[in-house]
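Observations on chain architecture
Each chain, written out:
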Amino acid sequence: MTKSILFGILILAFSCQSANENEKPIVINSTLNPELESEFRKKDLKTLYPKLLTPQNFDAERDTILVRKIKAFQNELVNGLKSEKINWNVAESEISVLTRIYFDSIGRIEYFTFKVDNENVNKQAMEEFKSRLEKNINNLDLGIRQQTKYNHCVNFKLKSEK
């Protein structure tokens, strides 16, 4: 009887874990999906997803591995997007992208919010970027385990292909 209960719990735990692994990150942008962005902002994000690093809790010696993982994640994200060669249809040679990424407690992306910091970028170019972003973040994992969910900002520039 005890073995059956334990086996049932293991199957349930595995099925829940498998379901979460197959979930894709939700990409949110106020221009492309204002209703979703509005609902998302109503959540208590500071409590649900505290910042991974702040000047108050950072210790250079203790957090060396953490910083290395963050840099590797950022490089993988940005290099993947740079290889996409997005045509932003603007005169500027570079486009700044501001992001905040919300991770589960084991480092998988749950929500990815972004803002293109250029008023001249049209909705079609932003939709193309969102599509490329979804493709590039689908299997990205920060790989940092914490007691709670957390968030981290990654801001970068991409060349504007003409």
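Rules behind the numbers
- Residues numbered from 1 in each chain as written.
- Predicted model: local features only at pLDDT ≥ 70, side-chain atom pairs only at ≥ 80, totals over all residues.
- Heavy atoms only, no water.
- Helix = DSSP H or I, 4+ residues; strand = E, 2+ residues; numbered from the N terminus.
- Contact = heavy atoms within 4.5 Å.
- Axes fitted to C-alpha atoms, helices over the stretch in contact; angles between N-to-C directions.
- Parallel < 35°, antiparallel > 145°, perpendicular 65-115°, else oblique.
- Left-handed = near helix turned anticlockwise from the far one by under 90°.
- Phe/Tyr/Trp six-rings, centres within 6.5 Å; stacked < 30°, edge-to-face > 60°.
- Buried < 20%, exposed > 50% of the residue type's maximum accessible area, 1.4 Å probe, protein only.

Let us look at the overall build of the protein chain. In terms of helices and strands, the protein chain carries five helices and five strands. Taking the intrachain contacts of the protein chain between residues at least 6 apart in sequence as the baseline, contacts between residues at least 24 apart amount to 79%.

A positive phi angle, close to 50 degrees, is found at lysine 85, a residue other than glycine. Along the chain, the position of lysine 85 falls in the loop between α4 (64–82) and β2 (94–103). Unlike most non-glycine residues, asparagine 89 shows phi in positive territory, near 60 degrees. Relative to the helices and strands, asparagine 89 is located in the loop between α4 and β2.

Contact pair α4 / helix α5 (residues 123–137): the axes reach a minimum separation of 10 Å and the direction vectors enclose 135 degrees. In terms of orientation, α4 and α5 fall into the oblique class. Where α4 crosses over α5, the handedness of that crossing is right-handed. Within the contact between the two elements, α4 uses Leu77, Gly80 and Leu81 and α5 uses Phe129, Arg132, Leu133, Asn136 and Ile137.

Moving on, we get to the packing of aromatic side chains. The final tally for this structure, using the stated rule, is eight aromatic pairs. Ring centres 5.6 Å apart and planes at 70 degrees place the aromatic pair phenylalanine 73 and phenylalanine 103 in the edge-to-face group. Of the two residues, phenylalanine 73 sits in helix α4 while phenylalanine 103 sits in strand β2, which places them 30 residues apart along the sequence. We note that phenylalanine 73, like phenylalanine 103, is buried. Ring pairing ties together the aromatic residues Phe40, Tyr49, Tyr102 and Tyr111, which thus form one cluster.

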